[in-house]
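Read off the chains here:
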Amino acid sequence: MSFSHGGVVLVCVAFTVMSSVLQEVNTEHSNGVVFQNFAGMELQVPCTVPQSVVSTASGCTMRCKAFPSCRAGSYNKATARCCLSSLLAYEQGATYLENEDSTYFQPVTVLYLDTCLQTDTVRYDNWTLVFRVLAGSGQETYATWTRTGLHHDHWLGSKDMKVGCVSMNSSKPCNTLFRSRLLDDWDKLKVKKVRVSLIKNSQQVNIVFNGSGSGYLDWFSQYRVLESPWQDLFPNNSYLFFSVAGHSPILRRFFIQANYGGCQNDRGWLVVVDGTMYSCSWERLPAPAILYSGSQGATVWQSSNSSKPV
């Protein structure tokens, strides 16, 4: 994603964690013995294993188990079409369409945390999705992040959440925020790193934090930054805000801010605006509004390009 001056408006922000516990589980269950179904969706391309005609959906899943490269598939009961793929539906390069005659399936990751059973974790290499913000959804980001007991992990079996809501590609259709149960189990995960991915279509830039010994609220700190797209985001810089809660009275969350000086002089790096309690012109967008600095450092939000999409 190329840099431009001013605040850039994003479509979504995805939060992923790298965890030693999750890495061990992913290796142990790599054979994908158990499948979860998603009714009403059919894979289009790529069918990396030659398509075949089988008589039942279970026959299609058995065929997937027979091919080491198969990670997902779909079965159309009207045409008996069995499509097998090395890509999961939410990954870059996979395409699908809604079809009431079809059922999509993929392996389930099983994770035991004490007596807890966790399934349907969304993984990108060594990173696991724990939260995804959709701009303009009307849902409060911070209230959702901190809402213990709210889980969307069984998204494959839900008709209330589109597959795009767990994708790192914002061009895939999505209708809501995603919150994983893993946020509630943060202390058990042995989190090593946390990645904040700022996304527009299939492009993204990342901020990576040291997650070792952190809680699900205090990892977002200038003292934990390992990587960022900015040259001036370092521990001894001056920050007015740098926290998940941000400036709570005016609903500016995941807020990295250098200074206030009247709306025309407000300057920072990242903000998720849950509402327009204060309402500077630069944040008057459908909530939640997601903005980040498109320059090499902190930017004045109210610039000539303050609402320029990436």
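Residues numbered from 1 in each chain as written. Predicted model: local features only at pLDDT ≥ 70, side-chain atom pairs only at ≥ 80, totals over all residues. Heavy atoms only, no water.

S.K.: Can you tell me about the pairing of strand β19 (residues 289-293), naming the residues and giving the values?
M.R.: Most of β19 sits out of view: five of its five residues are buried. The alternating pattern of β19 places Ala-289, Leu-291 and Ser-293 and Ile-290 and Tyr-292 on opposite faces, both of which are buried. The pairing of strand β18 (residues 267-273) with β19 spans four bridges and is antiparallel. Each residue of the ladder has a partner; that of Leu-270, found in β19, is Tyr-292. (Buried < 20%, exposed > 50% of the residue type's maximum accessible area, 1.4 Å probe, protein only. Helix = DSSP H or I, 4+ residues; strand = E, 2+ residues; numbered from the N terminus. Pairing = 2+ DSSP bridges.)

S.K.: Outline the state of the cysteines, listing residues and values.
M.R.: Disulfide: a covalent bond connecting the sulfur atoms of a pair of cysteines. Enumeration over the complete set of coordinates arrives at five disulfides. What pairs with Cys-64 in a disulfide is Cys-70, and their sulfur atoms sit 2.0 Å apart. Of note, the bridge from Cys-64 to Cys-70 carries an S-S torsion of about -100° and is left-handed in sense. Assigned by exposure class, Cys-64 and Cys-70 land together as buried. For Cys-165, the disulfide goes to Cys-174, at an S-S distance of 2.2 Å. When the S-S torsion is 110°, as for the bridge of Cys-165 with Cys-174, the disulfide is right-handed. For the pair Cys-165 and Cys-174, a shared accessibility class is recorded, and that class is buried. Here the disulfide map of the protein chain reads 1-6, 2-5, 3-4, 7-8, 9-10, the bonded cysteines being numbered as they appear in the sequence. (Disulfide = S-S within 2.5 Å.)

S.K.: Provide a residue-level description of the side chain of Arg-224, including the pertinent values.
M.R.: If you trace the backbone, Arg-224 turns up in the loop between β14 (203-210) and β15 (225-227). Although Arg-224 is buried, it forms no salt bridge, and the closest oppositely charged side chain is Asp-218 at an N-O distance of 5.0 Å. Looking at Arg-224, its side chain comes within polar contact range of the main-chain oxygen of Asn-210, at 2.6 Å. Here Ser-212 takes part through its backbone oxygen, which lies 3.0 Å from a polar atom of the side chain of Arg-224. Setting aside residues up to four positions removed in sequence, Arg-224 forms contacts with Val-208, Phe-209, Asn-210, Gly-211, Ser-212, Gly-213, Ser-214, Asp-218 and Trp-219. (Lys, Arg positive; Asp, Glu negative; His and termini not counted. Salt bridge = Lys/Arg side-chain N within 4 Å of Asp/Glu carboxyl O. Polar contact = N/O pair within 3.5 Å; in protein donor to acceptor, adjacent residues only side chain to side chain. Contact = heavy atoms within 4.5 Å.)

S.K.: So, the pairing of strand β13 (residues 191-200): which residues are in play, and what are the values?
M.R.: With eight of its 10 residues buried, β13 lies for the most part within the structure. Of the pairings in the sheet, the one linking strand β2 (residues 12-19) to β13 comprises eight bridges and is antiparallel in character. Bridging from a neighbouring strand, Phe-15 pairs with Val-196 of β13. Relative to β14, β13 runs antiparallel, the two being bridged by eight bridges. Along β14, the bridge assignment pairs Leu-198 with Val-205.

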